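# Architecture at a glance
Chain by chain, the residues:
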Amino acid sequence: MSYSIHPLTAHTGAEVRGLNLAAAIDSDTRADLNRAFAKHHVLVIRDQELAPEGFKKAAQVFGELQEHDKKDVHVPGHPDVYYVSNDHIVNGKRIIPGETFHTDHSNHPTPPKATTLFAVSLPSRGGDTQYVNMHDAYDDLPEAMKRRINDRKAVHVYLSKYSPRSLGNLTEESRKALPPPGIHPLVRTHPDNGRKALYLNPVRMESIVGMEDSEALDLIGELMAHATQKKYEYRHQWCNGDMVIWDNRSVMHQANPDYDMNERRYLYRLMLKGEVPV
Ligand SMILES: [Fe+2]
């Protein structure tokens, strides 16, 4: 299979063309794609035609599937294929999943290394996904800040009392299945590319170990303001047939509710198992 991989920015994102993930992927191609993933952090694989089972197979080119916390949110008939959509209303308020910058499921002691979406239905305009590079954001910090945070750990719960947004309702079954909180370093080292990265998630971080909450919130706010600068960003404009996979250890991401909510936005979603952050 002849395919090409082109960077989308100087720091984050690469586009893969000419690859059909519904077909069998040989071991050389698999290794090549995984190398590109560790290097570019976000892969945009164009022109895919994937039904739920095919999407599962495609995701597994990059690792092993991890379950989502919301057990009731799945594609009908496919309990292990999740989705994001704009048609979820709780108490009269529309819930747009992922509306502020975050990394996925960091409340787990072993959070998912990657998340992937496949576009099934897109609004005619808007609904981009933004990614910011947490390796570059860390590298650029002043030495004094690096020293301040290098050995700090944060407690990540399902939904922090300081979260900037709601996550919608969890069913009783899903709540019971939640793991204990994840206690993760603020700075983690990527196992495949060896680079350090900030590991932040204001939706889930409830405290920093050994620090007053007010000081922790100020610190997280300062780091977030730094890490979400445009110079660290790749902004993905979705096209039909895009499968996008991103590395939760390398980037934060956010969704944009800036489109006509009468139009449907619906994407299949899967996560891949990661390792304990160190
Ligand atoms: Fe997310």
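Right, let's walk through the structure included here.

### Some details on the sheet that holds strand β15 (residues 233-236)
Strands sit in the order β15-β9-β17 across an open sheet of three strands; the sheet is antiparallel. On the outer flanks of this sheet lie β15 and β17 (251-255), each paired with one strand and no other. When the angles between neighbouring strand axes are averaged without regard to direction, this sheet yields 20°.

### Considerations on the coordination of the iron ion
Protein-derived coordination of the iron ion comes from His102 (NE2), Asp104 (OD) and His253 (NE2), at a distance range of 2.1 to 2.2 Å. Counting residues between consecutive donors of the iron ion along the chain gives the motif H-x1-D-x148-H. Separated by 149 residues along the polypeptide, Asp104 in the loop between β7 (93-94) and β8 (114-121) and His253 in strand β17 bring together distant segments of the chain. What makes His253 buried here is its relative accessible area of 5%.

### As for empty space enclosed by the protein
Scanning all chains against the criterion turns up one cavity of 30 Å³ or more. Computed from the structure, the largest cavity encloses a volume of approximately 30 Å³. Mapped by element, the contributors of at least two residues to the lining of the largest cavity are β14 (205-208) and α6 (213-227). No other element matches the four residues that α6 contributes to the lining of the largest cavity. Here the lining of the largest cavity is composed, by residue class, of five nonpolar, one polar and two charged.

### Overview of the sheet that holds β14
Judged by pairing direction, the sheet is antiparallel, and its three strands sit side by side in the order β11-β10-β14 without closing on themselves. Two strands in the sheet have a free side with no partner beyond their single neighbour: β11 (182-185) and β14. Averaged over all adjacent pairs, the angle separating strand axes in this sheet is 30°, with direction ignored. Bridge count for strand β10 (residues 153-156) against β11 is four bridges, and the pairing is antiparallel.

What counts, and where the lines are drawn
- Residues numbered from 1 in each chain as written.
- Predicted model: local features only at pLDDT ≥ 70, side-chain atom pairs only at ≥ 80, totals over all residues.
- Heavy atoms only, no water.
- Pairing = 2+ DSSP bridges.
- Helix = DSSP H or I, 4+ residues; strand = E, 2+ residues; numbered from the N terminus.
- Axes fitted to C-alpha atoms, helices over the stretch in contact; angles between N-to-C directions.
- Donors = N, O, S within 2.8 Å, 3.2 Å for Na, K, Ca; no water.
- Buried < 20%, exposed > 50% of the residue type's maximum accessible area, 1.4 Å probe, protein only.
- 1 Å grid on protein atoms, 1.4 Å probe; cavity = no way out; pocket = protein on both sides within 12 Å on 5 of 7 lines; lining within 4 Å.
- Points joined across faces, edges and corners; volume = space filled by probe spheres on them.
- Nonpolar A, V, L, I, M, F, W, Y, C, P; charged D, E, K, R; others polar.

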